[in-house]
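Listed here are the chains, written in short residue letters.
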Amino acid sequence: MTGWSQALGAPAEEAPTLTGNRGLQIEEPLIFEQDSPGHCGVDLPEPPPHRGRLGALERRAPIGLPGLSEPQIVRHFTRLSQKNYAIDTGLYPLGSCTMKHNPRLNEKLARLPGFADLHPLQPETTIQGALELIDTLAHWLKTLTGMPAVALSPAAGAHGELCGMMTIRAALTARGDARRRILVPESAHGTNPATAAICGYAIDPIAANARGRVDLAALKAKLGGDVAALMLTNPNTCGLFEDEILEIAAAVHAAGAFFYCDGANFNAIVGRVRPADLGIDALHLNLHKTFSTPHGGGGPGSGPVALAAALAPFAPLPWIVHRDNRLTLVEQAAKGPEGGPAASSIGRLKGFHGQMGMFVRALGYMMSHGADGLRQVAEDAVLNANYLRVRLDRKTGGLLSQSFPGPCMHEVLFDDRFLKDTGVTTLDFAKALIDEGFHPMTMYFPLVVHGALLIEPTETESKASLDQFADTVNRLAARAGSGDAAVFQAAPRLTPRRRLDETAAARKPLLRWRREQPKREATK
Amino acid sequence: MRYLPLTPSDRQQMLAAIGVDSIDALFAEVPKAAQRGGLVDLPLAQGELEVERALSRMAAKNLAAGSAPFFIGAGAYRHHVPAAVDHLIQRGEFLTSYTPYQPELAQGTLQSLFEFQTQVALLTGMEVANASLYDGATACAEAVAMAHRITRRNKAVLSGALHPHYREVCRTYAQFSGLDIAALDPRPAEAETLDIDSDTACVVVQNPDFFGELRDWSALTARCHRAGALLVVVVTEILSLGAVTPPGEMGADIVAAEGQSLGNALNFGGPHVGLFAAREQHVRQMPGRLVGQTADADGRRGWVLTLSTREQHIRREKATSNICTNSGLCALAFTIHLALLGEAGVTRLARLNHAAACSLADRLAGLPGIRLVNKSFFNEFSLRLPVPAAEIVAALAEKGVLAGIPASRFYPDRADLANLLLVAATETVTAEDVDNYERALREALR
């Protein structure tokens, strides 16, 4: 680490280029600004003669879409892609997001015509393989969670939360037990309180203790006959295992409430710990986190929910059942006094049957790893996070300030004490990391510590990659401490765009292109 | 294990650096009672070849839509997607990036979403659109919730000709949020009496409707607005807007649509892409992410996620929706396909679909005992058969023809719908497919 300070210093001011392009960084206008009217990137035949049936609703006004050829489109989107950071291009240490490698085998499998070119409403005789895949995925997820049922239709983690909380409310209603409150720790993902509110519940926050875990005494004080459930993330968003979880579960159950677990951080324990053994009644899994289906710049995801026996009868439609030696979809709740499959279901949560494309990828991922590989995933994820912890924490030779001392699970939480009196904020620090070629960690979350920096390397980073990241973060921290705040405040300067004015964007939202675009140019 | 870069010696070195003897020490805070010594009861790791073989076997047990004369729609449509679309969305920079929370590292995703929002607004004739939701059905439920927030009224009236899955999803959400749902009976090709009272937040209708009929909702808009309610228009076949008057022109306040038809495969029902558009005055009540234009520190145009004070990660229990992950990559596929088509292509593709459906309807309605229910349609229509439609669909599936969807699949208790068959035809249907269908249907009815 010697000799680095000479290498830094004030950046040389770059002379602007004539074009605004900078080498491989090419300025790219919107497709709407590249219109060659009448042009088309797809060759289509003339429609054959036919007796039209559009009647009075035939479109008259033009749509206003631009015309471009295929080479222009390919270049446009290729150039746009080059303005993105991705797990394919570098370490992506976003805490609680589990940005791990996305195996390409799974992309190939999801595109097999037998899965991708399959309509969800084809006759059952023609989709037995698809139902078998879903049933197999369910088996893996049930085995890994130890829970007896899994609802597969939720489209993402937040949708899974909604599914889980709905089944809880339905179970309480079925036993004539209207309860009003949901307990949510302060460190929870924002989706937890938002979900509980959509289900018609009041949210009651639970404080964290000095060890970054749920304060058991505070929890017990809040438990009562009107508490429907606790929504807990475990491992929690401080990267810590809730070590009193068995006591928590017992207290929740003694109060007649359900225990919902946000499984966003399942990657830390997959194959090693079964949520059922922790007393959990409902748990969603993010297939786009633990099971590596690509995040795609924001989605799609998939959020299956594992359910305890008490909640399973309320699982959403459709159900897949084994009947007469084949698999059958139950798409309507059974009616009549005799009941039957899905008689108590909460109903349908989305169109059709779930995120099949994600199911194929996730099953491909799980089968590739196997029971042994999945356990190794959890162990390496935890090992990598702890390695970064000791490389970065000031108590073990780094320069950052860990919020809650001691070992972590799959992610490690720091706060901004190491930036005290430097004039550098967590945001500035993150932006400076961008110039060094790394995607920043999660910032300002969880809310339980000041200026949070939450780092999750995942198991798919090599030791060399972790070392490089740790060296960079420590060097930046040293630089922040050396009174070089201006460099941080000006960062990033090497990206296609420098720091963007989010306040201006929100003040007068400009959410689409218009032919007469109002000018929104900040003055230099 | 091919996806794990750490070597045994790396692991030893790292454990030593951490100062523990074994990995178990790092799991010490997991209660002993919940620790598992051995492996879970699942198969062990496999190579690419073995996994591909196993899943290919499952895939081969299905009848892929492209290997049969195929006429199924009802909210998911089989279209040809140009090869460039799938190539571009598989670029790692798009495929393996996260939600664009760090805008300086995600201008590619953000600019393409800004283009997506613009395309959706243009196609639907609305002022603004968001950066996607899960699918059309959940977009519909979000539209109802948004109408409730805007009007502070508690009832949603759902047309009987709204897709049954959309009706069911609205009902599921409503039974927990406390809204009243008035769902009308499904009556194909009949005018409905949509009662609007002082507690009605919105009326939800569809165009083309579930039975394929084209509907002009302009008069209903006026009625809704006189009564202080909003009109939500659902579109399950977004390509129809290449040939049909858009909901914005009919005065819709919110459009909730399924965008799968552009850029996305059938995928056995998911992932698809929910489209959500509204009038600008209601933008702060919209669910989901929004990309907005702004400038960077040098005054250059750029894009960011904006109005996030509506969203769960800022507003928590007061958010407009709990949605976080959406359908970003499917939205990108939509945008690339629509960009390739452009104005000329999307209108022509819509015409091709319409032509295919018109020819098919004329052929099938010419068979004895079969009646075309629709007066108008885009690429899907309803036939009244002389026998239960489910029997015909099963019989034709035996002959390798995927003939459509019997309405009884959605409404098993409605005797009046038992003989109703929904049939879709897109640009992928060939003359030979139509011949096969007609022949098989004629035989099945004999």
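Keep in mind it's a predicted model, so treat the numbers as computed, not measured. (Residues numbered from 1 in each chain as written. Chains lettered and ligands numbered in written order. Predicted model: local features only at pLDDT ≥ 70, side-chain atom pairs only at ≥ 80, totals over all residues.)

Engineer: I tried to follow the overall build of chain A on my own but got confused; where do I start?
Structural biologist: Helix and strand content of chain A: 14 helices and 13 strands. The C-alpha atoms of chain A give a radius of gyration of 26 Å, which matches the 24 Å a tight globule of 524 residues would have. Taking the principal axes of the C-alpha coordinates as reference, chain A spans close to 80 × 75 × 45 Å. Restricting the contact set of chain A to residue pairs at least 6 apart, pairs at least 24 apart contribute 72%. (Helix = DSSP H or I, 4+ residues; strand = E, 2+ residues; numbered from the N terminus. Rg over C-alpha atoms; globule rule 2.2 N^0.38 Å. Contact = placed C-beta atoms within 7 Å.)

Engineer: Where do I start with the interface of chain B and chain A in this structure?
Structural biologist: Frequently, the measure chosen for interface size is the accessible area that the parts lose on association. Contact with chain B, which involves 166 residues of that partner, is made by 180 residues of chain A. Looking at which element gives the most residues to the side of chain B that touches chain A, the answer is helix 10 (residues 328–365) of chain B, with 23 residues. Counted by class, the side of chain B that touches chain A contains 89 nonpolar, 48 polar and 29 charged residues. (Nonpolar A, V, L, I, M, F, W, Y, C, P; charged D, E, K, R; others polar.)

Engineer: Explain helix 6 (residues 157–174) of chain A to me, please; I cannot follow it from the model alone.
Structural biologist: It helps to recall that an α-helix has 3.6 residues per turn; residues three or four apart then point in one direction. Residue and element names in this part refer to chain A. Given a rise of 1.5 Å per residue, 18 residues ought to cover 26 Å, and the 25 Å separating the end C-alpha atoms of helix 6 matches this to within 8%. By the criterion of burial, helix 6 is predominantly enclosed, with 15 of the 18 residues buried. At the exit of helix 6 stands Gly176, carrying a positive phi of roughly 70 degrees. (Expected span 1.5 Å × (residues − 1). Buried ≥ 20, exposed ≤ 12 C-beta atoms within 10 Å, placed from the backbone.)

Engineer: So what exactly am I meant to see when it comes to the domain arrangement of chain B here?
Structural biologist: All names here are of chain B. Splitting chain B by domain gives domain 1 (66–79 + 343–445) and domain 2 (83–337). Tallying the contact residues gives 29 residues for domain 1 and 24 residues for domain 2. Sorting the residues of the side of domain 1 that touches domain 2 by element identifies helix 10, strand 11 (380–384) and strand 13 (420–424) as the ones contributing at least two each. Ranked by residues supplied to the side of domain 1 that touches domain 2, first place goes to helix 10 with seven residues. Here the residues of the side of domain 1 that touches domain 2 are counted per class, giving 14 nonpolar, ten polar and five charged. (Domains from an automatic or database assignment.)

Engineer: What is the right way to read the nonpolar core from this model?
Structural biologist: If you look at soluble globular proteins, the nonpolar side chains tend to sit buried side by side. Core analysis: the biggest nonpolar cluster contains 324 residues, and Leu307(A), Cys140(B), Val144(B), Cys202(B), Val203(B), Val204(B) and Val232(B) have the highest contact counts within it. A total of 22 residues in this core trace back to one element, the largest contributor, which is helix 10 of chain B. Dropping the residues within four chain positions of it, Cys202(B) is found in contact with Val144(B), Ala147(B), Ala156(B), Ala229(B), Leu230(B), Leu231(B) and Val232(B). (Core = buried A, V, L, I, M, F, W, Y, C linked by C-beta atoms within 7 Å.)

Engineer: Looking at this model, I keep getting lost on the pairing of strand 8 (residues 319–323) of chain A. Mind explaining?
Structural biologist: Every regular strand shows the same layout, with side chains that alternate between the two sheet faces. Residues and elements named next belong to chain A. Of the pairings in the sheet, the one linking strand 8 to strand 9 (residues 326–330) comprises five bridges and is antiparallel in character. Residue pairing across strands places Val321 opposite Thr328, the latter belonging to strand 9. Following strand 8, the chain reverses through two residues before pairing antiparallel with strand 9; Asp324 in that reversal takes a positive phi of roughly 50 degrees. (Pairing = 2+ DSSP bridges.)

Engineer: Got a minute to help me understand the packing of helix 5 (residues 128–145) of chain A against helix 10 (residues 356–392) of chain A in this structure?
Structural biologist: The description of two helices packed together rests on the angle between their axes and the distance between the axes. Residue and element names in this part refer to chain A. Contact geometry for helix 5 and helix 10: axes closest at 10 Å, N-to-C directions at 55 degrees. Relative to helix 10, the element helix 5 lies oblique. The two elements helix 5 and helix 10 meet at a crossing, and its hand is left-handed. Taken together, the residues of helix 10 that come into contact with helix 5 (itself represented by Ala130, Leu133, Ile134, Thr136, Leu137 and Trp140) are Met356, Phe359, Val360, Ala362, Leu363 and Met366. (Axes fitted to C-alpha atoms, helices over the stretch in contact; angles between N-to-C directions. Parallel < 35°, antiparallel > 145°, perpendicular 65-115°, else oblique. Left-handed = near helix turned anticlockwise from the far one by under 90°.)

Engineer: How should I be thinking about the domain arrangement of chain A in this particular structure?
Structural biologist: Residue and element names in this part refer to chain A. According to the domain assignment, chain A consists of domain 1 (105–363) and domain 2 (379–496). Taken together, the 14 residues of domain 1 in the interface contact 16 residues of domain 2. A class-by-class count of the residues in the side of domain 1 that touches domain 2 yields six nonpolar, six polar and two charged.

Engineer: Help me understand the environment of Asp243(A), please; the structure alone is not making it clear to me.
Structural biologist: Among the structural elements, Asp243(A) can be located in the loop between strand 4 (227–233) and helix 9 (245–254). Considering only alpha carbons, one finds Asp243(A) and Arg213(A), 30 residues apart in sequence, at a separation of 8.0 Å. When residues no more than four places from it in sequence are discounted, the contact partners of Asp243(A) are Arg213(A) and Glu29(B).

Engineer: Just checking my understanding: could you explain the sheet that holds strand 11 (residues 412–415) of chain A for this structure?
Structural biologist: Picture the strands of a sheet paired through backbone hydrogen bonds; they go either parallel or antiparallel. Residue and element names in this part refer to chain A. Taking strand neighbours across the sheet as the criterion, the four strands line up as 10-11-13-12 in an open arrangement whose pairing is antiparallel. Looking at which strands have only one partner, the edges of the open sheet turn out to be strand 10 (401–402) and strand 12 (442–443). Pairing between strand 11 and strand 13 (residues 453–455): three bridges, direction antiparallel. By the bridge assignment, Phe414 is partnered in strand 13 with Leu453. Across the sheet, helix 10 touches strand 10, strand 11 and strand 13, and the angle it forms with strand 11 is around 25 degrees.

Engineer: For this particular structure, what's the right way to read the packing of helix 10 of chain A against helix 12 (residues 463–481) of chain A?
Structural biologist: Residues and elements named next belong to chain A. Interhelical geometry of helix 10 versus helix 12 gives an angle of 30 degrees and a closest axis separation of 10 Å. Taken together, the axis directions place helix 10 and helix 12 in an arrangement best described as roughly parallel. Where helix 10 crosses over helix 12, the handedness of that crossing is right-handed. Note on element contacts: helix 12 touches helix 10 through Leu466, Ala470, Val473 and Asn474, opposite Asn384, Tyr387, Leu388, Arg391 and Leu392. Considered class by class, the residues forming the contact of helix 10 with helix 12 number six nonpolar, two polar and one charged.

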